[in-house]
Amino acid sequence: MTVESEILPGVHPEKEVLLRNSFLYRTKVIPQGERIKLCIQCGTCTGSCPLSYAMDITPRKLIALFRAGDMESILRSKSIWICASCYTCQTRCPSLIKVTDILYALKRTAMEKKLFNKNIPTYALSYSFMKCIYKYGRLNEAQLILRFYLRTGLWKIINLIPLGIKLITKRRIKLTSEKIKAINDLRKIIKKAETFELPPEKEELAYIPEAVGYKAVS
Amino acid sequence: MKYAYYPGCSLHTVNNNYDKSCRAVFNALNCELVELEDWNCCGATIYMSIKEITALAVAARNLALAERIGYDIVTPCSSCYTILNKANKYLKSNNEVFDKVNLCLKEAGLSYNGTVRVRHPLDILVNDIGIEIIKLNVKIPLIGLRIANYYGCQIVRPEKGFDDRENPMSMENLFENIGAEDVYFPYKLRCCGGMLMTTYQSSSLNLTKEILECAQENGADCIATTCPLCQMNLEGYQNKINRIYSTTYKIPILFFTQILGVALGIDVGELGLEQNFYKCDKLESLYKVSLNHQK
C-alpha cells in the first residue's frame with residue numbers, strides 16, 4: 001500500500017469524496033436534509049423500522065458508516081432497497097433527521113454511480129414504472145407487473161395467476177392502459193426535468209467540510 | 001364545498017370500488033367532487049427513488065392543473081396524498097428547485113405558484129363536513145359492527161397533517177359516532193410492506209400477516225382501510241398467507257368509504273361491495289335488516 005492510498009485521519013480517499021459529494025448534493029434538495037449531521041446514534045430508527053430485521057446494514061449503522069467515511073458499503077447495501085417508505089423512522093427521530101428521504105437520496109446516488117447489483121428487483125420495478133408513465137402518463141398495474149416480470153423472469157408470474165383470475169372475475173383489472181390527452185406535454189416536462197438531474201459540478205469536489213468525518217459534528 | 005378530485009391510477013383500475021364509494025359518499029353529503037381534468041400519475045414513492053427533479057415535476061403538473069381551476073385537491077390514495085404533499089413542501093422550501101420545476105412546467109404552458117392544498121377525504125369528512133352533519137345523514141346505524149381501523153403509514157406521515165402521527169383517531173371518532181365499535185388495534189399504523197409485495201415478498205407477507213393476526217385476535221368483523229395498496233396487500237394475499245403460515249384468515253378488508261356508505265343508506269352496488277374478495281356478514285345483515293324494514 002502506498003502512502004497516497006492509505007486512509008489518513010480526517011482525510012478521505014478520492015473515490016469516497018466523489019461519492020460523498022454526490023450524496024450530499026442530493027440531500028440539499030430535502031428540506032432540512034442537512035440534519036443528518038445531528039445524529040445521536042440512539043437507534044430509534046432501527047428500533048422502529050418494521051423491516052430492519054431483513055436489512056444487512058440497519059438505518060442507524062448507515063449513518064454511522066456515513067460518518068466513518070465508508071460511502072461505498074452504504075451504497076452497495078441491500079438495506080436501501082428494502083425500505084418500504086413507511087416513514088416511521090423519520091417520524092420518531094429525536095434529532096428530526098429525514099431518515100426516509102435520506103434513504104431516497106442514497107438510492108439515487110447508488111443508481112447514478114452504478115454501485116448496485118442489477119439483480120435487485122426494486123430497480124427493475126422502478127424502471128418499469130418509469131417506462132409506463134412516460135408512455136401513458138398513468139399507471140396500469142397489469143402492465144407494470146408484466147413489464148417487471150419480463151425483466152426479472154417471466155416464469156415467476158405463475159404465482160400471480162390465482163390472484164389475477166380473482167381480480168378479473170371481480171372486474172378489477174383493466175388490460176388496456178388509459179392514456180392522458182396531454183401526453184406530449186408530460187413528455188416535454190419529463191425531458192426538460194431530466195436535464196436538471198445533473199451530477200455535482202467538478203469544482204465542488206475540491207474540499208467540503210462535511211466530507212471530513214466527525215469534524216462535521218460541531 | 002367544491003374540491004378537485006384526484007383519484008390516482010389505482011382507483012381507475014384495481015381499486016375502482018374505492019373510487020365508486022368515495023364519489024357516492026361525497027355525493028350523499030352534498031359535497032361536490034370535480035375530477036381534475038387530464039391528471040397524470042403522481043409518480044408514487046418509486047419515481048422519487050430514481051429521479052428527484054423529474055419526480056417533483058411530474059407531481060407538480062397536477063398541482064398546477066388544480067391551481068388553474070382554483071380548487072384544493074382531494075385524493076383518496078395514501079401514496080398520492082403523501083407524494084403531492086411532499087412535492088408541495090419541497091417546492092416551497094427550496095427556491096432553486098421551485099424555479100427548476102417551473103421551467104419544466106413552462107414547456108407544457110403551465111406554471112405553479114404553490115397555493116394548492118392537498119387533502120384526504122377522511123380529513124374533509126371529519127374536519128370540513130363534520131361528524132355532526134354525517135350523523136344527521138345516517139340511515140343505518142352500524143350497531144354492533146366491530147371495526148379494526150387501519151390507517152396505513154402514509155396518510156398521517158411523515159409531516160404532521162390532519163391527525164396525530166402515532167395514534168390517529170379520526171376514523172375511530174367517525175365510526176363510533178355512527179354506532180360502530182372500534183376494537184383494540186395497536187397495528188393501525190404498521191407498514192403492510194407496500195410495493196415490497198412484488199419485490200421482497202417474504203418480508204412483506206410477514207408484515208401483512210401480523211396485521212391480520214392482530215385484527216383477528218381482537219375480534220374485528222372487518223378491517224377499515226384508507227389506502228388502496230394496503231387493501232390489495234391485505235386482501236389479495238390472504239390466501240397465500242393462509243397457505244404459508246397455516247392460518248385460516250377470512251377477514252373482509254373494506255375501504256372506510258364503503259362502510260360509511262352503507263351507514264348513509266347508499267345502495268351496496270354503488271359502493272362496489274361485491275367487488276371485495278371477502279364479504280362482511282355483519283355489515284350485510286345490517287343492510288338487509290334495514291331493507292326489510294323499509295318494505
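In this convention, every chain numbers its residues from 1, walking through the sequence in written order. Chains carry letters and ligands carry numbers; both start at the beginning, A for chains and 1 for ligands, and go up in the order they are written. Owing to the predicted nature of the model, reporting of local features is limited to residues with pLDDT of at least 70; listing and counting of side-chain atom pairs is limited to 80 or more, with chain, interface and lining totals taken over all residues. Hydrogens and water are ignored here; the side-chain numbers use all heavy atoms of the structure.

Undergrad: Please explain the overall build of chain B as it appears in this structure.
TA: Assigned secondary structure in chain B consists of 14 helices and eight strands. Taking 295 residues into account, the globule formula puts the C-alpha radius of gyration at 19 Å, and chain B, at 19 Å, falls close to it. Its C-alpha atoms give chain B principal-axis dimensions of roughly 60 × 45 × 30 Å. Contact between two residues is taken to exist if any of their heavy atoms lie within 4.5 Å; hydrogens are not considered. Once local pairs closer than 6 in sequence are excluded, the contacts in chain B between residues at least 24 apart make up 75%. Total accessible area computed for chain B in this model is approximately 10600 Å², and 48% of it derives from carbon and sulfur atoms. On chain B, the mean spot of the 29 positive side-chain charges and the mean spot of the 32 negative ones are 3 Å from each other. To qualify as a helix, a DSSP run of H or I must reach at least 4 residues; to qualify as a strand, a run of E must reach at least 2; elements of each kind are numbered from the N terminus. What the globule rule says is 2.2 Å times the number of residues to the power 0.38, and the radius of gyration is computed from C-alpha atoms. Surface exposure here means Shrake-Rupley accessible area, sampled with a 1.4 Å probe, where a residue is shielded only by the protein chains that are shown. In this charge count, Lys and Arg are treated as positive and Asp and Glu as negative; neither His nor the chain ends contribute. By convention, charge coordinates are those of NZ in Lys, CZ in Arg, CG in Asp, or CD in Glu.

Undergrad: Help me understand the interface of chain A and chain B, please; the structure alone is not making it clear to me.
TA: Much of the literature gives interface size as the accessible area that the parts lose upon coming together. Taken together, the contacts link 68 residues of chain A with 70 residues of chain B. Here the quantity called buried area is the accessible surface, traced with a 1.4 Å probe, that two parts lose on coming together, added over both. Taken over both partners, the interface formed by chain A and chain B buries close to 6400 Å², and the fraction arising from carbon and sulfur atoms is 61%. When residues of chain A are sorted by the area they lose upon contact with chain B, R172, I189 and F196 of chain A head the list and together hold 12% of the total. Any Lys or Arg side-chain nitrogen located within 4 Å of an Asp or Glu carboxyl oxygen qualifies as a salt bridge. Joining chain A to chain B, the criterion identifies seven salt bridges. Here K86 of chain B makes a salt bridge to D101 of chain A, at a shortest N to O gap of 3.0 Å. Nitrogen and oxygen atoms within 3.5 Å of one another constitute a polar contact, given that in protein one can donate a hydrogen and the other can accept it, and given that sequence-neighbouring residues count only through two side-chain atoms. Where chain A packs against chain B, one counts 29 residue pairs in polar contact (both at pLDDT 80 or more). If you list the elements that add at least two residues to the side of chain A that touches chain B, you get α1 (14–27), α5 (79–82), α6 (88–92), α7 (99–112), α8 (121–136), α9 (141–152), α10 (161–169) and α11 (183–196) of chain A. Among the elements that line the side of chain A that touches chain B, the one with the most residues is α11 of chain A, at nine residues. A breakdown of the residues in the side of chain A that touches chain B according to their chemical character gives 37 nonpolar, nine polar and 22 charged. When residues are sorted by character, Ala, Val, Leu, Ile, Met, Phe, Trp, Tyr, Cys and Pro go into the nonpolar class, Asp, Glu, Lys and Arg into the charged class, and all the rest, Gly among them, into the polar class.

Undergrad: When you look at the environment of R68 of chain B in this model, what are you seeing that I'm missing?
TA: Residues and elements named next belong to chain B. Note that R68 resides in helix α4 (residues 52–69). Classification of R68 as exposed rests on a relative accessible area of 60%. Spatially, the C-alpha atoms of R68 and L110 are 8.7 Å apart, while their sequence positions differ by 42 residues. Type-normalised accessible area, obtained with a 1.4 Å probe on protein chains alone, sets the label of each residue: buried when under 20%, exposed when over 50%, and partly exposed for intermediate values.

Undergrad: I keep staring at the nonpolar core and nothing clicks. Help me out?
TA: L106 of chain A together with I73, L142, F175 and I259 of chain B are the most contacted members of the largest nonpolar core, which has 183 residues in total. Of the residues forming this core, the biggest block, 11 residues, is contributed by α4 of chain B. Side-chain atoms within 4.5 Å are what join buried Ala, Val, Leu, Ile, Met, Phe, Trp, Tyr and Cys residues into a set we call a nonpolar core.

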